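# Coordinate inspection notes
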Amino acid sequence: MNFASLAKTLIVSTAATALALSLAGCVPNLRGTQTDAGNGPISVDSSADACSLSITSAPSGNIQFVITNSGSQVTEFYILANDGLRIVGEVENVGPGTTRDLVIQASPGTYYTVCKPGMVGTGIGNAAFTVTDSGTEIVRSADTQALIDTAATNYASYVRNEIDLLVAGTDAFAAAYVSGDFDGARTLYPSTRMHWERVETVAESFGDLDPKLDLREADLEEGQEWTGWHAIEKDLWPQNAESGFIAYNQTKRDHLAGLLVADTATLKTNVHTLTFTLPQLTNGAIGLLDEVATGKVTGEEEAWSHTDLWDFQANVDGALVLFGGVREVLLQKDPALAAQLDTEFSTLQGLLDGQRTESGFRLYTELGVAEVKALADQVNALGEPLNKLTAALVLK
Amino acid sequence: MKEPLKLSRRGLLGLAGVGLAGAGLGAGIAVGVDGVTGGGIASRNAANDPPGLRYDFYGTHQAGITTPAQDRLHFAAFDVAPGTSRADLIELLQDWTVAAAAMTQGKELGEFGAGSANYDAPPEDTGEAVGLPVAGLTVTIGFGPTLFSSSTGEDRFGLLSRKPPELVNLPHFAADDLDPASSGGDLCIQACANDPQVAVHAIRNLTRIAFGRAVLKWSQLGYGRTSSTSTSQKTERNLFGFKDGTANIKNENASDVADFVWTASSPSSPWMAGGTYLVARRIRMTLETWDRASLREQERVTGRTKAEGAPLSGGTEFSETDFSATAADGSRAIDPQSHVAQAHASHNGGAKLLRRGYNFVDGNDALGRLNAGLFFISFQKSPEQFVTIQKNLAKNDALNEYLKHVGSGIFAIPPGAPVGSFIGSSLFLT
């Protein structure tokens with residue numbers, strides 16, 4: 001049964017308008033194109049000297065490949081566009097004897113498939129693959145790559161700008177802290193950290209800098225030196241520390257502040273030349289919301305200052321910037337997902353706005369159980385569709 | 001026959017499917033669909049006939065009620081999320097129906113299931129049931145009183161006029177010590193299976209599908225059934241060590257099922273015809289005290305023998321109780337305060353329940369006592385049956401010394417759905 005006739009059947013069988021509307025969620029699946037043509041997943045056998053497909057054509061729409069590595073080296077499988085260069089889909093790191101799946105969304109045309117045992121060189125078994133017209137319309141735009149390039153460029157600028165602000169704020173914070181201006185330091189603490197939290201997933205990509213700058217006490221290993229923001233946080237809010245906590249001496253304060261300034265300066269140098277790919281952009285947004293779900297909404301991030309909502313807002317800011325950058329692309333590929341993300345971001349921001357005060361946000365400890373639950377529920381409501389973003393955009 | 005429903009795009013979002021990138025497709029279908037695309041259901045096993053006991057999901061009544069009680073339970077109560085519209089709620093029920101129908105037939109959720117699909121997307125199915133038998137999974141969906149009207153009487157989804165008069169919060173019973181955090185809820189799902197992971201997988205994925213539309217309020221695992229709902233089953237024991245549910249309604253007894261379980265059409269709520277009402281009670285047992293009680297005391301308060309489960313008036317497990325029988329000392333053989341006496345239909349105006357309870361042990365409390373007991377579930381054509389019996393038990397049952405009711409819920413269980421429809425369609429669409 002084709003889509004149109006099923007749709008008619010549904011309408012005809014439902015006299016009530018309400019039911020017809022309610023069936024809005026009930027249209028057939030995209031895979032229909034492939035299964036209607038009698039094709040299941042396409043098997044790919046990547047051996048030492050061949051790259052053989054069970055069939056070399058498929059109707060347009062979603063096409064599923066099941067890649068089995070029968071060779072002795074780790075392999076890769078690529079589907080290339082008709083220029084033989086642009087990668088439409090790829091699976092990397094398929095170990096000997098293992099099987100991995102790949103789904104692409106392809107419009108009619110000629111493609112090339114190639115395996116790359118050993119993951120080096122130009123690959124073997126390069127062969128044409130034909131996608132026939134199933135009638136499934138696939139939205140494409142010549143501008144897509146330009147939009148992605150713009151998003152990547154803009155995001156790199158955003159990251160550099162936030163890190164510049166972080167450096168300036170950190171310098172002022174450190175100066176206040178070492179000079180004994182603790183009130184000043186406490187005021188600067190959450191607002192400065194927002195610049196870090198907005199681009200946290202980027203900062204975290206520098207494996208050694210992240211623990212130096214942002215490690216929580218609970219995450220310390222035995223014997224590990226504790227440095228960074230949270231080590232100073234505890235000293236600034238000693239009344240919230242465990243009983244018996246002894247305030248740091250000036251030598252330690254100078255040491256911690258000096259490291260914070262120096263490590264943040266190193267971060268600035270590192271991000272200067274960063275560039276971003278589309279999956280890095282989309283996964284960055286996903287990663288930031290995961291940060292909210294695991295650390296901020298639970299109040300674990302700021303154990304003594306309780307300024308978790310500043311971090312929460314900053315993570316959301318960063319995720320929204322990332323989403324905003326690719327939103328135009330998403331509007332071409334999946335406008336409904338874009339609309340849902342717009343709604344869920346807006347709802348989450350509304351909840352956060354409800355917690356604003358003159359100086360920023362209410363402290364985590366001032367929130368009621370129901371308020372935390374509402375925030376957590378909305379993080380879940382946003383997180384589920386947001387985690388679709390990479391797949392929706394990376395599928396060509 | 002109608003085609004089965006397909007998952008909505010939001011349902012698929014919950015499943016993180018890959019089959020929803022084709023926005024152009026949704027627009028092309030022209031059924032007044034606003035950018036909605038659907039998704040199929042992957043088969044869990046290569047063969048389309050997964051092993052193990054299977055029950056139909058679609059039918060006149062929902063499964064999981066008179067179905068022979070499975071060994072394991074995961075019960076969940078949900079609240080509808082703020083901002084959810086009536087249309088969203090209908091869509092959620094459709095998605096739950098599609099997903100539940102698939103899982104009860106041993107299929108993985110989504111277009112590609114747990115282990116396939118786009119490497120950049122989360123898998124559609126969470127995967128922990130892959131390779132397991134279907135294990136007789138049933139999924140039973142219900143509606144709490146707060147779905148129809150909020151605590152302030154607000155008609156949340158245009159359902160107030162259809163609210164059954166019976167569907168109100170249970171009254172306070174003597175010695176109730178209910179935790180609001182594990183009571184009530186707008187919606188409920190009972191998942192029963194003979195494998196605990198299969199039941200958990202069902203609740204987990206249905207919860208995931210609901211994100212943004214409904215949120216988990218509380219949930220309860222039950223690891224061992226205490227009731228038998230079929231004469232083909234032997235009577236299992238509760239944590240007191242006694243057989244539980246000997247006198248339960250069995251599905252082979254058609255007149256009991258008709259008289260006490262299925263709700264008939266009524267002018268106020270015709271949509272409940274073929275449905276029933278579910279009462280859930282989390283009953284904590286103080287096992288440490290119980291275990292110190294003499295066998296004489298244990299049997300006296302229960303009214304049955306511990307080993308055989310026979311009434312103290314004599315005979316074997318299924319012998320009729322004789323409340324007039326006397327012991328050698330001239331006292332009643334069955335203490336009138338005993339549980340079996342107080343719970344008996346003859347002491348409750350003839351009321352009977354179909355019980356489907358499960359033992360639970362949720363770790364221990366701060367005092368080193370097992371946090372354990374009975375997650376009581378009963379189905380009845382009217383909540384009044386439960387209220388009558390529980391009012392009596394709360395006041396008179398000798399077993400109360402060892403019990404505390406700490407959680408409570410009441411839900412209207414709508415009738416089953418035919419293929420192509422969804423659970424709750426009679427409420428929303430007729």
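On a predicted model such as this, the values are computed, not experimentally measured, just so you know.

This next bit is on the overall build of chain B. Check the secondary structure of chain B and you find eleven helices and twelve strands. Split into buried and exposed, the 430 residues of chain B put 61% on the buried side. Put simply, 76% of the contacts in chain B that link residues at least 6 apart link residues at least 24 apart. By element, 53% of the accessible surface of chain B is carried by carbon and sulfur atoms, the whole surface being about 15500 Å².

All names here are of chain A. The element strand β5 (residues 75-80) is extensively covered by neighbouring structure, given that six of its six residues are classed as buried. Residue alternation in β5 divides its side chains into two sets, Thr75, Phe77 and Ile79 and Glu76, Tyr78 and Leu80, and both sets are buried. Pairing between β5 and strand β6 (residues 87-94): five bridges, direction antiparallel. The residue of β6 that forms the bridge with Thr75 is Val94.

One covalent bond between the sulfur atoms of two cysteine residues makes up a disulfide. Residues and elements named next belong to chain B. Inspection of the entire model under this criterion finds one disulfide over all chains. Free of any disulfide, Cys188 has its nearest cysteine sulfur in Cys192, 11 Å distant. A residue is classified by how much of its surface remains accessible, and Cys188, at 0% relative accessible area, is buried.

What follows concerns the pattern of salt bridges. Across all of its chains, the model carries 39 salt bridges over all chains by this definition. For the salt bridge of Asp317(A) with Arg198(A), the shortest nitrogen-to-oxygen distance reads 3.0 Å. Of this pair, Asp317(A) sits in helix α11 (residues 308-333) while Arg198(A) is found in helix α5 (residues 182-198), placing the two residues 119 residues apart along the sequence. Take Arg198(A): its relative accessible area is 16%, and that puts it in the buried class. Among the ionic pairs, Arg300(B) bridges to Asp335(B), the shortest N-O distance being 2.7 Å.

Here we take up the packing of helix α4 (residues 144-178) of chain A against helix α8 (residues 229-236) of chain A. Any two packed helices are characterised by how steeply their axes cross, that is the angle between the axes, and by the distance between the axes. Residue and element names in this part refer to chain A. Relative orientation of the contacting elements α4 and α8 amounts to 35°, with a least axis distance of 13 Å. For the element pair α4 and α8, the recorded crossing hand is left-handed. Residues Leu166, Thr170, Phe173 and Tyr177 of α4 lie in contact with α8, whose contacting residues are Trp229, Ile232, Asp235 and Leu236. Looking at the contact of α4 with α8 residue by residue, the class counts come to six nonpolar, one polar and one charged.

This part covers the nonpolar core. Formed by 78 residues in total, the largest nonpolar core has its most connected members in Tyr155(A), Leu267(A), Phe312(A), Leu330(A) and Leu341(A). Looking at which element gives the most residues to this core, the answer is α4(A), with 14 residues. Every residue in contact with Leu330(A), bar those within four places of it in the chain, is listed here: Phe323(A), Pro335(A), Leu337(A), Ala338(A), Leu341(A), Leu389(A), Ala392(A) and Leu393(A). Judged by nonpolar contacts, the second largest core, of 73 residues, contains Ala76(B), Phe240(B), Val301(B) and Leu353(B).

Attention shifts here to the UniProt feature "domain: Imelysin-like" (unreviewed entry) in chain A. Taking the numbering used here, the UniProt-annotated feature "domain: Imelysin-like" (unreviewed entry) corresponds to residues 152-388 of chain A. For residues 152-388 of chain A, the end-to-end C-alpha separation is 19 Å, with 70% helix and 2% strand making up the annotated structure.

This brings us to the environment of Trp310(A). All names here are of chain A. Relative to the helices and strands, Trp310 is located in helix α11. Of the residues examined, Trp310 reaches a relative accessible area of 8% and is grouped as buried. Separated by 37 residues in the primary sequence, Trp310 and Thr273 place their C-alpha atoms 28 Å from one another. With near-sequence residues (within four places) excluded, Trp310 lies in contact with Pro190, Ser191, Met194, Ser359, Gly360, Phe361, Arg362 and Leu363.

Residue and element names in this part refer to chain B. With 15 residues, helix α5 (residues 196-210) ought to run about 21 Å at 1.5 Å a step, and its terminal C-alpha atoms sit 21 Å apart, in line with that. With eleven of 15 residues buried, α5 is to be regarded as a mostly interior element. When α5 is considered as a whole, its buried residues turn out to be Val198, Ala199, His201, Ala202, Ile203, Asn205, Leu206, Thr207, Arg208, Ile209 and Ala210. Of the residues flanking the start of α5, the one acting as N-cap is Asp195, its side-chain oxygen 2.8 Å from the backbone nitrogen of Gln197.

Cut-offs applied
- Residues numbered from 1 in each chain as written.
- Chains lettered and ligands numbered in written order.
- Predicted model: local features only at pLDDT ≥ 70, side-chain atom pairs only at ≥ 80, totals over all residues.
- Heavy atoms only, no water.
- Helix = DSSP H or I, 4+ residues; strand = E, 2+ residues; numbered from the N terminus.
- Buried < 20%, exposed > 50% of the residue type's maximum accessible area, 1.4 Å probe, protein only.
- Contact = heavy atoms within 4.5 Å.
- Areas by Shrake-Rupley, 256 points an atom, 1.4 Å probe, with all protein chains shown as cover.
- Pairing = 2+ DSSP bridges.
- Disulfide = S-S within 2.5 Å.
- Salt bridge = Lys/Arg side-chain N within 4 Å of Asp/Glu carboxyl O.
- Axes fitted to C-alpha atoms, helices over the stretch in contact; angles between N-to-C directions.
- Left-handed = near helix turned anticlockwise from the far one by under 90°.
- Nonpolar A, V, L, I, M, F, W, Y, C, P; charged D, E, K, R; others polar.
- Core = buried A, V, L, I, M, F, W, Y, C linked by side-chain atoms within 4.5 Å.
- UniProt positions renumbered as here; feature names shortened; annotations may be inferred.
- Expected span 1.5 Å × (residues − 1).
- Polar contact = N/O pair within 3.5 Å; in protein donor to acceptor, adjacent residues only side chain to side chain.

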